Amino acid sequence: MKAIPRQPKPAILSFNFEGDRLTTLKTICDDLEVGLINYCASETPEAFSLSIGDLLDGGSVATKTELSAEAKLAMSALAFPEELYVLANLSESTLDAFLKAARDNDLWIPLKAVATPTNAGWRPMALKMELMEEHAAMQAAIAEHKAKQAAEAAMKAREDTDE
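The following refers to the structure shown. Counting starts from 1 at the beginning of each chain's written sequence and moves along it residue by residue. With pLDDT at 70 or above as the cut-off, local features in this predicted model cover only qualifying residues; side-chain atom pairs require 80 or more to be listed or tallied, and sums for whole chains, interfaces and linings still use all residues. Computation of side-chain values covers all heavy atoms of the structure but excludes hydrogens and water.

What follows covers the pairing of strand β3 (residues 84-88). Here's how the labels work: a residue is buried when its accessible area is under 20% of the maximum for its type, exposed when over 50%, partly exposed in between, all with a 1.4 Å probe on protein chains only. Helix numbering and strand numbering both begin at the N terminus, where a helix is a DSSP run of H or I of at least 4 residues and a strand a DSSP run of E of at least 2. Along β3, five of the five residues are buried, which leaves the element largely enclosed by surrounding structure. Along β3, one buried face is formed by L84, V86 and A88 and the opposite face, lined by Y85 and L87, is buried too. Looking at chain direction, strand β1 (residues 11-15) and β3 are connected through five bridges and run antiparallel. Across the sheet, the residue bridging to L13 is V86, located in β3. Between any two strands, pairing holds if DSSP finds at least two bridges. Two strands pair when backbone bridges link them, and β3 and strand β4 (residues 112-114) are joined in this way by three bridges, in the parallel orientation. Across the sheet, residue V86 finds its bridge partner in β4, namely A113. Between the parallel elements β3 and β4, the chain passes through helix α4 (residues 92-104) in a crossover that is right-handed. By the criterion used throughout, a crossover qualifies as right-handed when its path from the first strand across the helix to the second strand runs clockwise, the strands pointing away from the viewer.

Okay, structure coming up:
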C-alpha cells in the first residue's frame, strides 16, 4: 500500500515583524487559518543561518551549531532590518485574500515571495538580496515606462499646438 503524501499546510514565514505589525499579521493569518512563523534578526539571529525550507519545515534553531559573535552580528538586525515574508502552500484564493488584507491593514511590503523549490534552499539573507534586486529592477522599469508616457504626451501636445 502506498503512503499518502503529507499535505503541506499553508503558512507564512515572516521576518522582522514586531509589535502592532506582528499582532496585525497574526490576526490576518488566524482569520485565514494560515500558520505564521516569525523570526526577528535581533532576537533569533541563528534562524537566519537556516534555509527557507528548513524554517518552513520547523527546523530547530536550538539544535544547530552555535554561531560565532561575528556570524550573529552579520545576520542581526543591523544586516537584515527589513520586513519580509514568504508565502507557502497558499491556495490562489487564500493568497489573494492575504495580499488584500495586508494592503488594507498597511502591511504592504516590497519584500515578499512565494516559497518555491529553488528558494527553499536559500538562506533568508540571500532571498532578501534577490527580492531587493527584483524590486529595484521593477521600480526602474516603472520609472522608464512613466518617462516614456510623459515624452509621448509632450510630443502629442506639441503636435496638437502645431496644428
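Here the narrative resumes, following the displayed structure.
Attention now moves to the pattern of salt bridges. Salt bridges are counted wherever a side-chain nitrogen of Lys or Arg sits within 4 Å of a carboxyl oxygen of Asp or Glu. Per the stated rule, a full pass over the model turns up three salt bridges. Between K128 and E82 there is a salt bridge, and its shortest N-O distance comes to 3.0 Å. Pair noted here: K128 is in helix α5 (residues 124-162) and E82 is in the loop between α3 (69-74) and β3, with a separation of 46 residues, a long-range link. We classify K128 as buried; its relative accessible area is 5%.

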